[in-house]
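Residue-level listing of the chains:
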Amino acid sequence: MKLKKVYAFILSALLLSGCAAAEAPAQETAAESTSESAAAEEILSLESASAEETEPPVISEAFSDENFSAEKRGTVILRYTEDEAASDKGALRIFNRNNSWDGVQYNAEKFRGNELEAEGSFRSANPSVRISVQYSVNGNTSYNTIVSVDTKEDSYSKGSGKYEIPKNAENIIVYVESDRLEEIYIDDLSVKVCGEYTYYPEAVATEYVDTSDYPSLKEEYKDYFRIGTATTSNLLDKEPYIKIIKAQYNSMTLGNSFKPDSILDHNKTVRDVEKYMYSPAVKFDAVKKELDYARDNGLTVRGHTLLWHNQTPEWLFYKNYNIGGELADRETMLSRMENYIKNVMEWTEENYPGLVRTWDVVNEAADDDGGMRKSLWYQTVGEDYIEQAFKFARKYAPEDTKLFYNDYNSYQTRKQNDIITFLRPVVEAGNIDGMGMQSHINVDISISQYMAALQKYYDELGLEINVTELDVCRGKGDDWQEEQGAYYKEFMSEILKLRKNGIPITSVTLWGISDTDSWISSDYPLIFNDDLSRKPAFDGMIEAVKNQE
């Protein structure tokens, strides 16, 4: 409103100036011309700013020709293609996809604090295609589905969905992805604002509540197991998070900083390929802040993770580190694997002795379709790569360090059977100590089935159990907070029951602190609200252990 008033004032001044000029001799000084030009530029600038505040943003692509604004996401190639199945006989073809999230993306910063509606028409050999949104809050990145469209290979399927972007979100991107890696064709894509539009030029700062009077999870559970949380270095810049982590938890997992793409040093490695051929260069700048915090505040650390198919740079797996060339041979990759594990473990123990008590040696090796995931580790080393990784980890791990395998949906019967099959020789070799249950679950997951899976891992493999990445997605009802709280209470009660019955459950880690920091924030899966006020989920965890007394 203020901008509009300034605009009107300047416009009136210029009109008055024009009238005065008509009465004067037809002469104009350079100074007058410059002044009037500057005023005109200011009008355009103010008008643009005013429009930016009031006009809702729109993304709309018909893909009817080669002119499109979609940006590549990941390794993909984008091509306009003639397509008889498309409504206007043209579509965008997305191919050369190497990761599920590879696709197209759009900057969506102007949707901040508003509900958006996304709509798309797709065809693909993938069973489904998603329009998703990615954004960061407090430095933690969240990935959420707006709409999932069931797709066919020879005809287009259309779908739409809505999603509300938080006011405190940054780096907002809307993108198209699919779990499988077949090509995707897009006929039409649109993203628009639902309802009245409010423009937020920057993320709105959160006002945090006082958490000093909360009961302490780590104190309440100290007689049973450690209680942990996942962190990022950005969270440790915020005093409310620093306080609540120290008060509530005695264990932490670095959400991203210990993953291979944060540790491996590409530039240094490729500058001297011969020197680093069998032992890629590493750097540890990313982990120091979080490890310093853990050391200085009495928390132990779960090292997450040494080997993973994701967040591991592709160049690691190629001969001479040259992507697009030949994959490296088995012996080369075994050397790289051993030296990477050695370098990470030795640096950590030398600089932070005794801090990292547990390592996730291998993460998510089981394929959702059954068997072992055909990752680049599998392709280059072979199906014994898990055994090899644990052998090297045992060789270089400090005494009393626990070595774990970690996976999601590991309570599901078929996946559990696969995991048990490929962990059995690792157990027989004495190179593994525990099973990590990621536990990204929801209120519809059977707690009894989950607990039976924990019992089975112990009965068949004799492994220690960690719940490593716990979050519980909300239900759809209006009373979802109470339902979620009751689920957390029952879940933790059953965990405690197993612990009392002799199952060696030694740690439960929540995958984040507040809902807004969660990687799936739209499902509100954690125990604190955005402002760190306690949810029924937090109270449920407290009640579960109180009832044991």
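Anything mentioned here points back to the structure above.
Keep in mind that this is a model prediction, so the values were computed, not measured.

(A) Representation of the overall build of the protein chain in the model. Looking only at helices and strands, one finds 15 helices and 20 strands in the protein chain. Dimensions of the protein chain, computed from the C-alpha atoms along their principal axes, are close to 100 × 60 × 50 Å. For the protein chain, the proportion of its 549 residues judged to be buried stands at 51%. A separation threshold of at least 6 residues defines the contact pool for the protein chain, and within that pool the share at least 24 residues apart is 77%. Accessible surface computed for the protein chain: about 25100 Å², of which carbon and sulfur atoms make up 44%. Measuring between centres, the 58 positive side-chain charges of the protein chain sit 5 Å from its 94 negative side-chain charges.

(B) Representation of a negative patch on the surface in the model. On the surface, Asp-444, Asp-478, Asp-479, Glu-482 and Glu-483 cluster together into a patch of negative charge. By the element assignment, Asp-444 lies in the loop between β18 (440-442) and α13 (447-461). Residue Asp-444 is classed as exposed on the basis of its relative accessible area, which comes to 66%.

(C) Highlighting the sheet that holds strand β10 (residues 170-177). Pairing in this open sheet of five strands is antiparallel, and the strands run β2-β5-β10-β7-β8 from one edge to the other. Edge positions in the sheet fall to β2 (71-73) and β8 (140-150), since each of these pairs with one other strand and no more. Averaged over all neighbouring strand pairs, the angle between strand axes comes to 30°, with direction disregarded. Across four bridges, the pairing between strand β5 (residues 103-107) and β10 is antiparallel. Across the sheet, Asn-107 pairs through a bridge with Ile-173, a residue of β10.

(D) Here's a closer look at helix α4 (residues 239-248). The set of residues buried in α4 consists of Tyr-241, Ile-244, Ile-245 and Gln-248. Along the long axis of α4, the arc covered by the buried residues comes to 100°, so they all point the same way. The inward-facing, buried residues of α4 contact α3 (217-220), β12 (226-231), α8 (288-296) and α15 (536-546).

(E) Representation of the side chain of Asp-265 within the structure. Assignment of secondary structure puts Asp-265 in the loop between α5 (260-263) and α6 (266-271). From its side chain, Asp-265 meets the backbone nitrogen of Asn-267 in a polar contact 3.4 Å long. With residues up to four places along the chain from it excluded, the contact list for Asp-265 reads Ala-281, Val-282, Lys-283 and Trp-315.

(F) Molecular detail of the packing of helix α9 (residues 330-351) against helix α11 (residues 385-396). Running from amino to carboxyl end, α9 crosses α11 at an angle of 35°, the nearest separation of the two axes being 9 Å. α9 and α11 meet at a crossing whose hand is right-handed. Where α9 abuts α11, its residues Arg-330, Leu-334, Met-337, Glu-338, Ile-341, Lys-342, Met-345 and Glu-346 lie against Tyr-385, Gln-388, Ala-389, Phe-392, Ala-393, Lys-395 and Tyr-396. Taken together, the residues that form the contact of α9 with α11 break down as nine nonpolar, one polar and five charged.

(G) Main features of the packing of aromatic side chains. Tallied over the full model, the rule gives 16 aromatic pairs. Relative to Phe-538, the ring of Tyr-214 lies with its centre 5.8 Å away and its plane at 45°, an arrangement referred to as tilted. Taken together, the positions of Tyr-214 in the loop between β11 (184-193) and α3 and Phe-538 in helix α15 put the pair 324 residues apart, joining distant regions of the chain. With relative accessibility at 12%, the residue Tyr-214 sits in the buried group.

(H) Focus on unusual backbone geometry. Of the consecutive residues His-304 and Thr-305, the connecting peptide bond is found in the cis state with omega at 5°. With respect to the helices and strands, the residue Thr-305 is situated in strand β14 (residues 300-308). Positive phi, close to 45°, is recorded for Tyr-524, a residue that is not glycine. Tracing the backbone through its elements, the reader meets Tyr-524 in the loop between β20 (505-510) and α15. Not every positive phi belongs to a glycine, and Leu-532 is a case in point at roughly 70°. When you line up the elements, Leu-532 lands in the loop between β20 and α15. A relative accessible area of 0% places Leu-532 in the buried class.

(I) Region of interest: the environment of Arg-336. Position of Arg-336 relative to the elements: it lies in helix α9. C-alpha of Arg-336 to C-alpha of Met-277: the two residues are 59 residues apart in sequence and 7.9 Å apart in space. Not counting chain neighbours up to four residues away, the residues in contact with Arg-336 comprise Met-277, Tyr-278, Pro-280, Leu-316, Phe-317, Tyr-318, Asn-320, Tyr-321 and Ala-328.

(J) Region of interest: the side chain of Thr-231. By secondary structure assignment, the location of Thr-231 is in strand β12. Look at Thr-231 and you get buried, because its relative accessible area is 1%. In this structure the side chain of Thr-231 is engaged in a polar contact, spanning 2.9 Å, whose partner is the side chain of Glu-290. Once residues within four sequence positions are removed from consideration, Thr-231 is found in contact with Ile-245, Met-252, Thr-253, Leu-254, Gly-255 and Glu-290.

(K) Fine view of the pattern of salt bridges. In total, this model carries 28 salt bridges according to the counting rule given. Across the pair Arg-180 and Glu-182 runs a salt bridge, and its minimum N-O distance is 3.2 Å. We classify Arg-180 as partly exposed; its relative accessible area is 40%. Asp-515 is the salt-bridge partner of Lys-535, the closest N and O atoms lying 2.8 Å from each other.

(L) Representation of α11 within the structure. Here α11 is 12 residues long and its end C-alpha atoms lie 17 Å apart, about the 16 Å a rise of 1.5 Å per residue gives. Contact partners of the buried residues in α11: β14, α9, β15 (356-363), α10 (376-381), β16 (402-407) and α12 (413-428).

(M) Structural context of the pairing of strand β4 (residues 90-95). Within β4, five of the six residues are buried, which leaves it mostly tucked inside the rest of the structure. Note: β4 against β11, three bridges, orientation antiparallel. Note that in β11 the partner of Leu-92 across the bridge is Ile-186.

(N) Local environment of the packing of α11 against α12. The interhelical angle for the contact between α11 and α12, taken along N-to-C directions, is 35°, at an axis separation of 9 Å. Relative to α12, the crossing made by α11 is right-handed. In contact with Ile-386, Glu-387 and Phe-390 of α11, α12 contributes Phe-422, Leu-423, Pro-425 and Val-426. For the contact of α11 with α12, the per-class residue count stands at six nonpolar, no polar and one charged.

About the thresholds
- Residues numbered from 1 in each chain as written.
- Predicted model: local features only at pLDDT ≥ 70, side-chain atom pairs only at ≥ 80, totals over all residues.
- Heavy atoms only, no water.
- Helix = DSSP H or I, 4+ residues; strand = E, 2+ residues; numbered from the N terminus.
- Buried < 20%, exposed > 50% of the residue type's maximum accessible area, 1.4 Å probe, protein only.
- Contact = heavy atoms within 4.5 Å.
- Areas by Shrake-Rupley, 256 points an atom, 1.4 Å probe, with all protein chains shown as cover.
- Lys, Arg positive; Asp, Glu negative; His and termini not counted.
- Charge placed at Lys NZ, Arg CZ, Asp CG, Glu CD.
- Patch = residues over 30% accessible without salt bridge, like charges linked within 9 Å, V, L, I, M, F, W, Y side chains within 5 Å.
- Salt bridge = Lys/Arg side-chain N within 4 Å of Asp/Glu carboxyl O.
- Pairing = 2+ DSSP bridges.
- Axes fitted to C-alpha atoms, helices over the stretch in contact; angles between N-to-C directions.
- Arc of directions from axis to C-beta.
- Polar contact = N/O pair within 3.5 Å; in protein donor to acceptor, adjacent residues only side chain to side chain.
- Left-handed = near helix turned anticlockwise from the far one by under 90°.
- Nonpolar A, V, L, I, M, F, W, Y, C, P; charged D, E, K, R; others polar.
- Phe/Tyr/Trp six-rings, centres within 6.5 Å; stacked < 30°, edge-to-face > 60°.
- Expected span 1.5 Å × (residues − 1).

Just geometry here; none of it tells us what the structure is for.
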